[in-house]
Amino acid sequence: QKEVEQDPGPLSVPEGAIVSLNCTYSNSAFQYFMWYRQYSRKGPELLMYTYSSGNKEDGRFTAQVDKSSKYISLFIRDSQPSDSATYLCAMTTFTGGFKTIFGAGTRLFVKA
Amino acid sequence: DAMVIQNPRYQVTQFGKPVTLSCSQTLNHNVMYWYQQKSSQAPKLLFHYYDKDFNNEADTPDNFQSRRPNTSFCFLDIRSPGLGDAAMYLCATSRPGLAETKNIQYFGAGTRLSVL
């Protein structure tokens, strides 16, 4: 079992839709949770960053962490064609040494 | 703008011919990472430098080496590339300071390596 699981998609939605992207994880020691966006043939860029459980909002993006369920989500409101990319979740623990694990990414297509 | 720059963006090499990929950063971050990413897969950490301290992942093949001559530059050397080494290679950096921000990694655009 992978430490971080993420549905690879692809997920195709119409412009303006609300998008929900999710990751589950198995290591309860993860404390910091991140979402990266990766356009085709480019490096990942940081979108959202949260510590422990709760919600964090930044413009059209909301990151949600539920540590009791070991489940994190990224919501995109009013999705745009420019949001079409692969979204990678990542999480970090400092327990037993510093470690960051990435999900394999969900590919999102937003149709105009 | 401060950033992480990788060169070249695309590299073609022959089977068994050594190749070097480079990464430079203007962020003055003390941690630098090299990842290998294959299509539709998560980035796989090869190694990282914490300042001058080199940290190799246990499953990184000996074929992969790294050098960090100074804070700004880091190199990935593949001594004898095989067909299975064709991938995107990503360099990342992270900022020093509080534990909360130490794990945020900033990535370069990547180098796509092809092995013929």
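Conventions used here
Residues numbered from 1 in each chain as written. Chains lettered and ligands numbered in written order. Predicted model: local features only at pLDDT ≥ 70, side-chain atom pairs only at ≥ 80, totals over all residues. Heavy atoms only, no water. Contact = heavy atoms within 4.5 Å. Buried area = accessible area lost by both parts, 1.4 Å probe. Salt bridge = Lys/Arg side-chain N within 4 Å of Asp/Glu carboxyl O. Polar contact = N/O pair within 3.5 Å; in protein donor to acceptor, adjacent residues only side chain to side chain. Helix = DSSP H or I, 4+ residues; strand = E, 2+ residues; numbered from the N terminus.

A.B. asks: Just to check I follow, could you spell out the interface of chain B and chain A for this structure?
C.D. replies: Interface extent is often summarised as the accessible area lost during association of the parts. Contacts between the two partners involve 22 residues from chain B, matched on the other side by 18 residues from chain A. In total, chain B and chain A occlude about 1700 Å² of area from one another, counting both sides; carbon and sulfur atoms represent 61% of this. At the junction of chain B with chain A, the criterion picks out zero salt bridges. Connecting chain B to chain A are four residue pairs in polar contact (both at pLDDT 80 or more). Taken together, the elements giving at least two residues each to the side of chain B that touches chain A come down to β4 (31-37), β9 (87-94), α1 (99-102) and β10 (105-107) of chain B.

A.B. asks: Even after reading the chapter, I still don't get unusual backbone geometry, so can you show me in this structure?
C.D. replies: The omega torsion of the bond from A:G9 to A:P10 falls at 10°, within 30 degrees of zero and hence cis. When you line up the elements, A:P10 lands in the loop between β1 (4-6) and β2 (11-14). Between B:N7 and the following residue, B:P8, the backbone shows a cis peptide bond with an omega angle of -10°. Its place among the elements puts B:P8 in the loop between β1 (4-7) and β2 (10-13).

Interpretation in functional terms is not warranted from these geometric data alone.
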